[in-house]
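# A structural walkthrough
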Amino acid sequence: MGWSDEAEQGFPPQRHREPAALRQEILDELADHLALAAQRESESGVEDDRQIRARVLKRFGNPAAIARALWWGAMKETLMKDWIQISINAVICVALVGFMALFYRQMQTTNTALLNALNERPIAVEVTLPSVEFVFHRGSIEGPSAEGIEVNLIGKAFNEDTTTIKEKSDGRGRARFGPIRAGQYMIRLSDIQTGLLSVKEVTLYSNDEFQTIHVAVPPTTQAVLDVKSPLAQYDASEDVQLSMFMNPQWSYKDDSWYGIGRFVLVTSEGVFNTVLYLKRGDIIRPEEKLIQTYGNRLRFDNMNTHRPIKRNQIFPLRRGSRRR
Amino acid sequence: MDPKLLSGTVDMLVLQVVAPEATYGYRITQEVLKHSQGYFQLKEGSLYPALHRLERESLLKSNWVNADSGRRRKYYRITASGKKALEKKRIEWQKFSVGVNGVLGVPTHGLV
């Protein structure tokens, strides 16, 4: 085995950033030194090669160990940089994995909490379902109970589709709904007696308990309607036809309903219009103008201004007192 | 001699031997041995690591020469920084030896 082969055994495996000529230069330098040492031993009179070799190595030391020390000295800085870089990368990886694990655990906790909340939600809604009762009063809140009011509760429970529930007020004016889901609702009222059709918004919250909502509906006024006949010279022995159109528009103010209606007389002489301003308990009269223009007086006793008078309804005209 | 006494002076001895002219490892050991009257025997296990370290510290420079034997031979020569470092080490050594001799009662002549 030559000097180079012996020294080469001391090298560690090749590293990726190792200079290409490093190992060969170390081997060449050591081999030259050992060869010179052997030559000197030979010149000093030692003839046996094995003895020469033994004497050289005794003085020189282990060539492999020296070669490894020189290689390490040359590569130490590079290897330390590599190790530092690897250590930093490892720390970053560990931190990243730790962060991911922490994030995953936090996400799991959040998801579990959300699922629990979702699972508990229907129970909570059922517990807090409100009931609502509408109490209808004729004319004002203090008025008598209004029976027969048809109520449509049209609404949308929170996060659900729109539904419609129908009820009719009983003899005490009460229409009860529920239990129903909390949400935004609207009530639509339909009063057969007055022809009322109105809409009102109601919000029912989940924490609300039983609610009673009082609602005033227009009065069904019993009124005496004195009408001056539009006939200037009325002397017919037979009844004449008189048509009356009543279509009041009601508004609620100061706990009372007010209506503005249109009153039309249709006779053989022509069609006559006037406007009526109605209030609860009023005696309903046509305008003065009509009275002044036409002297004859027609009287409708105990007329319900809303219910009996319908569009294009025909009333028999009774003969009244004639004035000139 | 005690190797511990030599270990702190290897750099200085190497720089001193290389300073006059470029030379190589084997010859350095022989020069040190000759000038110390056979007292200093530089071990190769100390010499070559010292040579390579002084080269990395830019106190020495090296080049390869093809020798008559057909082998490559690595020659070292001192740099300007090496000369300054050698001068500094020499002064330190003189102070050190004066101090040690003073303590030991050994007379010194011509040393600072």
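Residues numbered from 1 in each chain as written. Chains lettered and ligands numbered in written order. Predicted model: local features only at pLDDT ≥ 70, side-chain atom pairs only at ≥ 80, totals over all residues.

### Considering the overall build of chain B
Scanning chain B from terminus to terminus reveals five helices and two strands. Traced from its N-terminal end to its C-terminal end, chain B shows the element sequence α-α-α-α-β-β-α. With 112 residues in all, chain B has 25% of them scored as buried. Excluding contacts between residues fewer than 6 apart, the proportion of contacts in chain B whose partners are at least 24 apart in sequence is 46%. (Helix = DSSP H or I, 4+ residues; strand = E, 2+ residues; numbered from the N terminus. Buried ≥ 20, exposed ≤ 12 C-beta atoms within 10 Å, placed from the backbone. Contact = placed C-beta atoms within 7 Å.)

### A few points about the environment of Glu44 of chain B
Within the secondary structure, Glu44 of chain B is located in helix α4 (residues 44-56). Along the backbone, Glu44 of chain B and Gly25 of chain B are 19 residues apart, and their C-alpha atoms lie at a distance of 8.3 Å. For Glu44 of chain B, the contacting residues outside a window of four places in its chain are His33, Phe60, Gly61 and Ile66 of chain A.

### Thoughts on the interface of chain B and chain A
Opposite the 14 residues of chain B that make contact, chain A presents 15 residues. Within the residue set of the side of chain B that touches chain A, elements represented by two or more residues are α3 (25-35), α4 and β2 (72-78) of chain B. Among the elements that make up the side of chain B that touches chain A, the one with the highest residue count is α4 of chain B (six residues). Each residue belonging to the side of chain B that touches chain A can be placed in one class, and the counts come to three nonpolar, four polar and seven charged. (Nonpolar A, V, L, I, M, F, W, Y, C, P; charged D, E, K, R; others polar.)

### Some points on the confidence of the model for chain B
Residue and element names in this part refer to chain B. On average, chain B scores 87 in pLDDT, and the residues at 70 or more come to 89%. The secondary structure element of chain B with the lowest average pLDDT is helix α1 (residues 3-7), at 65, and the one with the highest is β2, at 95. Listed scores for the predicted complex are pTM 0.48 and ipTM 0.84. (pLDDT = per-residue confidence, 0-100.)

### Section: helix α5 (residues 80-104) of chain B
All names here are of chain B. Between its terminal C-alpha atoms α5 stretches 36 Å, which fits the 36 Å expected from 25 residues at 1.5 Å a residue. Of all 25 residues in α5, two are buried, a share of ten percent or less. The first or second residue beyond α5 is Gly105, which carries a positive phi of 80°. (Expected span 1.5 Å × (residues − 1).)

### A look at the environment of Lys88 of chain B
Topologically, Lys88 of chain B is positioned in helix α5. When the C-alpha positions of Lys88 of chain B and Met12 of chain B are compared, they lie 9.5 Å apart, and in sequence the two are 76 residues distant.

### Considerations on the sheet that holds strand β1 (residues 132-138) of chain A
Sheet strands line up and pair through hydrogen bonds in the backbone, either parallel or antiparallel. All names here are of chain A. Within the open sheet, the three strands sit side by side as β4-β1-β7. Their pairing is mixed. Only two strands of the sheet have a single neighbouring strand rather than two, namely β4 (174-177) and β7 (211-217). Strand-to-strand twist in this sheet, taken as the mean axis angle between neighbours without regard to direction, amounts to 20°. With four bridges connecting them, β1 and β4 associate as antiparallel partners. Its bridge partner being in β4, Val135 is matched across the sheet by Arg174. (Pairing = 2+ DSSP bridges. Axes fitted to C-alpha atoms, helices over the stretch in contact; angles between N-to-C directions.)

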